[in-house]
Amino acid sequence: MIVSLSVVLLLGAVLAVMLRNRTLGTGGATIAALFGFCLASTGAAPAINDALQSLADSLSRVG
C-alpha cells in the first residue's frame, strides 16, 4: 500500500512538473490520468502492481 501511494505521488509530481514546463499539455495530462484510472480497473492491474512491487524490492536491496 505504501509503495503504490508513493508511486501515485511520484507520478503526480512528474505530471505537475511536465505541465508547469509546458512539456505536456492539459489535454495530454487528462488523457494520462484517465488512462491510469481505466488501467487500474482492468485485469492488468495485478500484474502491474506485482511488477512495481518487484522493482521496489530490488531497489531497496541495492541501497
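Remember, predicted model here, so these are calculated numbers, not experimental data. (Residues numbered from 1 in each chain as written. Predicted model: local features only at pLDDT ≥ 70, side-chain atom pairs only at ≥ 80, totals over all residues. Heavy atoms only, no water.)

> Any details on the overall build of the chain? Residues and values, ideally.
The helix and strand inventory of the chain stands at 3 helices and 0 strands. Each of the 63 residues in the chain was classed as buried or not, and the buried ones make up 5%. With the model as given, the accessible surface of the chain reaches about 5,100 Å², and the carbon-plus-sulfur share is 71%. (Helix = DSSP H or I, 4+ residues; strand = E, 2+ residues; numbered from the N terminus. Buried < 20%, exposed > 50% of the residue type's maximum accessible area, 1.4 Å probe, protein only. Areas by Shrake-Rupley, 256 points an atom, 1.4 Å probe, with all protein chains shown as cover.)

> Any details on the confidence of the model for the chain? Residues and values, ideally.
Averaged over all residues, the pLDDT of the chain equals 78, while 84% of them reach at least 70. The weakest mean pLDDT in the chain belongs to helix H1 (residues 2-20) at 73; the strongest belongs to helix H3 (residues 45-62) at 87. (pLDDT = per-residue confidence, 0-100.)

> Can you break down unusual backbone geometry residue by residue, with the values?
For arginine 22, which is not a glycine, the phi torsion comes out positive at approximately 60°. Within the secondary structure layout, arginine 22 lies in the loop between H1 and helix H2 (26-40).

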